Amino acid sequence: MALSQRLEFRQSQSLVMTPQLMQAIKLLQLSNLDLTTFVEEELERNPLLERANDEAGGGDAPAEAGQFNDGDDFGGGSDEPGGGPGEAFEPGQEEWMSKDLGTRAEIEQTLDTGLDNVFSEEPAEAAARNAQDAAPTTYTEWGGGASGDEDYNLEAFVAAELTLTDHLAEQLSVAFTGAAQRMIGQYLIDLVDEAGYLPPDLGQAAERLGATQKDVEDVLAVLQKFDPPGVCARNLSECLAIQLRELDRYDPAMQALVEHLDLLAKRDIAALRKLCGVDDEDIADMIGEIRRLNPKPGMKFGSARLQTMVPDVYVRPGPDGGWHVELNSDTLPRVLVNQTYYSQLSKKVGKDGDKSYFTDALQNATWLVRALDQRARTILKVATEIVRQQDGFFTHGVAHLRPLNLKAVADAIQMHESTVSRVTANKYMATNRGTFELKYFFTASIASADGGEAHSAEAVRHHIKQLIDQEAPSAILSDDTIVERLRASGIDIARRTVAKYREAMRIPSSVQRRRDKQSALGNVLSTALSDRSRNTEPA
């Protein structure tokens with residue numbers, strides 16, 4: 001086959017992902033906090049971008065400047081005779097002030113006395129001392145700022161909370177004097193979580209610090225004596241044991257109980273009584289002491305401040321019986337393109353490089369404004385369709401939540417599924433039934449037993465929880481029984497699906513629920529009997 005060179009023309013269509021298009025896609029899935037951060041960076045980078053409220057705020061500047069012009073007086077422009085300093089200032093005084101008074105000797109000769117007698121410094125010094133000794137009379141004097149300022153931040157005066165790490169570090173500086181021990185202790189303190197626990201395995205600590213395992217264990221033994229009691233433990237049993245030693249209650253019987261907390265969780269009192277070698281009354285007292293301990297000693301200290309969730313969409317009942325969907329304007333950044341500034345610069349800039357820079361800045365600013373507007377419109381369109389699809393949820397509750405997927409919403413608003421997926425990521429909707437993430441309304445479908453309309457997975461979970469909450473202590477529902485009752489309600493579901501939903505909601509098994517409810521019922525009966533016997537005792 002002969003090889004040859006030739007030229008061919010081919011026409012084809014392809015979608016090119018420009019940087020602007022990729023940024024627009026990225027803006028869709030950003031949360032309101034991330035979007036605010038992105039816009040702030042663009043405002044710093046692009047000189048042609050400005051906040052929408054800057055223009056409104058700048059309009060007050062001329063009025064404020066006019067209050068301090070040369071024609072005004074300091075008294076607020078009083079029309080009364082002699083009411084302002086400007087009227088009391090006569091031309092003769094101005095001529096006297098502009099006159100040269102001469103040297104110090106000439107002034108003293110003119111006044112026929114020394115200047116110290118005329119301008120005594122004692123009253124000024126006394127006034128200065130009185131001003132320094134006087135206590136602040138207003139709150140702003142204490143704070144050092146003006147209370148009338150709009151940027152006045154009261155939180156600046158709030159003391160920072162003492163964290164668990166700082167509290168342990170203060171005790172560390174007193175407990176150890178050696179630099180090596182302090183280094184090991186600080187390393188372990190940095191590993192403590194907000195609940196006060198260390199990782200179960202500290203084998204890598206000695207290797208990273210270049211110390212022996214015995215040195216780490218010795219420092220850990222001291223750290224476990226720090227306040228609060230139970231801190232720096234590696235598991236729950238060790239945490240409770242530390243607190244019991246602090247109370248001088250860690251005897252062999254209590255040690256056996258702490259080492260078998262799994263039996264206590266299962267409420268296997270008979271096995272615990274046998275292991276501890278005590279009677280029913282003693283085991284009840286021991287369990288009461290365990291319940292009075294703190295399983296998370298570090299939680300009482302200040303931790304990281306949680307960010308408040310701000311909804312992106314509000315859903316309110318409409319006057320016609322429908323639902324009104326609107327965007328939260330507080331979460332939408334408002335930016336404008338300063339066309340006036342660009343026109344002024346384009347006339348003065350002469351270099352081609354500078355012209356190209358400002359042209360690109362104008363294009364980027366215009367694109368950002370359009371992208372933000374398109375993002376808001378897309379969020380509103382998707383949220384409106386979700387409310388229309390899930391009207392039963394807003395009217396009647398979770399039990400009427402319908403199965404919904406991305407494709408159904410995308411087809412209804414004529415968009416791609418990936419666009420709907422990006423819009424629903426990290427977005428929240430405030431409704432009459434609480435605040436939910438937009439993805440909450442997309443649930444899988446479970447077939448109906450009678451061939452009717454499918455059921456939402458979230459509605460089935462809610463039904464399972466209602467059945468378990470209403471069960472009696474003497475008639476605990478097993479997973480098979482729950483399946484039978486759901487099928488009687490028209491929900492075709494497998495037993496493993498019921499078990500999966502139950503575990504996802506952190507509901508224990510039927511065996512564990514029977515023990516818990518019987519134990520709780522026994523405690524109530526014993527308390528009632530003791531109260532009755534106490535009331536029937538003779539006076």
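Right above here is the structure, for reference.
To start, this report covers the structure provided alongside it. Remember, it's a predicted structure, so these values are computed and weren't measured experimentally. (Residues numbered from 1 in each chain as written. Predicted model: local features only at pLDDT ≥ 70, side-chain atom pairs only at ≥ 80, totals over all residues. Heavy atoms only, no water.)

A separate point is the overall build of the protein. Along the backbone of the protein there are 28 helices and 8 strands. When burial is assessed residue by residue, the protein has 29% of its 539 residues classed as buried. Look at the contacts in the protein between residues 6 or more apart in sequence, and 60% of them connect residues 24 or more apart. (Helix = DSSP H or I, 4+ residues; strand = E, 2+ residues; numbered from the N terminus. Buried < 20%, exposed > 50% of the residue type's maximum accessible area, 1.4 Å probe, protein only. Contact = heavy atoms within 4.5 Å.)

With that out of the way, let us pick up a nonpolar patch on the surface. A surface patch of nonpolar side chains, about 400 Å² in accessible area, is lined by L15, M17, L21 and M22. Checked against the element boundaries, M17 lands in the segment before α1 (19-28). (Patch = residues over 30% accessible without salt bridge, like charges linked within 9 Å, V, L, I, M, F, W, Y side chains within 5 Å. Areas by Shrake-Rupley, 256 points an atom, 1.4 Å probe, with all protein chains shown as cover. Salt bridge = Lys/Arg side-chain N within 4 Å of Asp/Glu carboxyl O.)

This part covers the sheet that holds strand β2 (residues 313-317). Taken together, the 4 strands give an open sheet; going across it, the order is β3-β2-β5-β6, and neighbouring strands pair in mixed fashion. Both edges of this open sheet fall to β3 (323-327) and β6 (434-437), since each of them pairs with a single strand only. Each strand axis lies, on average, 25° off the axis of its neighbour in the sheet, ignoring direction. Two strands pair when backbone bridges link them, and β2 and strand β5 (residues 428-431) are joined in this way by 2 bridges, in the parallel orientation. Residue pairing in the sheet places V313 in a bridge with M429 of β5. In the packing of helix α21 (residues 352-389) onto the sheet, contacts are made with β2, β3 and β5, and the angle to β3 comes to roughly 160°. (Pairing = 2+ DSSP bridges. Axes fitted to C-alpha atoms, helices over the stretch in contact; angles between N-to-C directions.)

A few words now on the packing of aromatic side chains. Scanning the model with the defined rule gives 10 aromatic pairs in all. Ring geometry for F393 against F394: centres 5.3 Å apart, planes inclined by 75°, an arrangement best described as edge-to-face. For the pair formed by F393 and F394, the shared burial category is buried. For the pair F436 and F441, a centre-to-centre distance of 6.0 Å together with 65° between the ring planes defines the contact as edge-to-face. Assigned by exposure class, F436 and F441 land together as buried. Among the aromatic residues, those joined into a ring-pair cluster are W323, F393, F394, F436, Y440 and F441. (Phe/Tyr/Trp six-rings, centres within 6.5 Å; stacked < 30°, edge-to-face > 60°.)

α21 packs onto helix α2 (residues 32-45) with a crossing angle of 160° between their chain directions and a minimal axis gap of 11 Å. Viewed along their axes, α2 and α21 adopt a mutual orientation that is roughly antiparallel. Once α2 is placed against α21, the crossing between them reads as left-handed. For the pair formed by α2 and α21, the contact residues are L35, F38, V39, E42 and R45 on the first element and Y357, L368, L372 and R375 on the second. (Parallel < 35°, antiparallel > 145°, perpendicular 65-115°, else oblique. Left-handed = near helix turned anticlockwise from the far one by under 90°.)

Scanning the model with the defined rule gives 20 salt bridges in all. Across the salt bridge formed by D411 and K407, the nearest N and O atoms sit 2.9 Å from each other. Of this pair, D411 and K407 are both found in helix α23 (residues 406-413), 4 residues apart, which corresponds to roughly one turn of the helix. Among the residues examined, K407 registers a relative accessible area of 45% and is labelled partly exposed. When salt bridges that share partners are traced, they join R6, E8 and R10 into one network.

Across the interface, helix α18 (residues 269-276) lies against helix α19 (residues 280-291) with an axial gap of 10 Å and an inter-helix angle of 100°. The angle between α18 and α19 places the two elements in the roughly perpendicular class. Along its contact with α18, which presents I269, L272, R273 and C276, the element α19 presents D280, I283, M286 and I287. Classifying every residue of the contact of α18 with α19 gives 6 nonpolar, no polar and 2 charged. (Nonpolar A, V, L, I, M, F, W, Y, C, P; charged D, E, K, R; others polar.)

With that settled, consider the nonpolar core. By size, the foremost hydrophobic cluster in this structure holds 23 residues, and its most contacted members are V382, F394, V409, V420, M429 and F441. Among the secondary structure elements, those contributing two or more residues to this core are β2, α21, α22 (391-396), α23 and α24 (417-424). Among the elements that line this core, the one with the most residues is α21, at 5 residues. Setting aside its immediate chain neighbours within four residues, M429 contacts P311, V313, V315, A383, V387, F394, G434, T435, F436, L438 and F441. (Core = buried A, V, L, I, M, F, W, Y, C linked by side-chain atoms within 4.5 Å.)

Next up on the list: helix α25 (residues 457-469). Taking 1.5 Å per residue as the helical rise, α25 with its 13 residues ought to reach 18 Å, and the 18 Å between its terminal C-alpha atoms agrees with that figure. Within the span of α25, buried status applies to A457, A459, V460, I464, L467 and I468. Capping the start of α25 is the job of one residue whose side-chain oxygen sits 3.3 Å from the backbone nitrogen of E458: S456. (Expected span 1.5 Å × (residues − 1). Polar contact = N/O pair within 3.5 Å; in protein donor to acceptor, adjacent residues only side chain to side chain.)

Strand direction decides the pairing type here: β5 and β6, joined by 4 bridges, are antiparallel. Across the sheet, the residue bridging to M429 is F436, located in β6. What sits between β5 and β6 in their antiparallel hairpin is a turn of 2 residues.

The next point concerns the side chain of T424. Among the secondary structure elements, T424 is positioned in helix α24. On the basis of relative accessibility, which here comes to 0%, the residue T424 falls in the buried class. One polar contact links the side chain of T424 to the main-chain carbonyl oxygen of V420, over a distance of 3.0 Å. From its side chain, T424 meets the backbone oxygen of S421 in a polar contact 3.1 Å long. In this view, T424 contacts V382, I386, L406, E437, L438, K439 and F442; residues no more than four positions away in its chain are not counted.

What follows deals with a negative patch on the surface. Together, D279, E281, D282 and D285 make up a negatively charged patch on the protein surface. On the secondary structure map, D282 appears in helix α19. (Lys, Arg positive; Asp, Glu negative; His and termini not counted. Charge placed at Lys NZ, Arg CZ, Asp CG, Glu CD.)

Here the focus is α24. Where α24 is concerned, the buried positions are T419, V420, V423 and T424. What you see down the axis of α24 is that its buried residues fit within an arc of 125°, all on one side. In this structure, the buried side of α24 is in contact with α1, α21, α23 and β6. Immediately beyond the C-terminal end of α24, within one or two residues, lies N426, with a positive phi of roughly 60°. (Arc of directions from axis to C-beta.)

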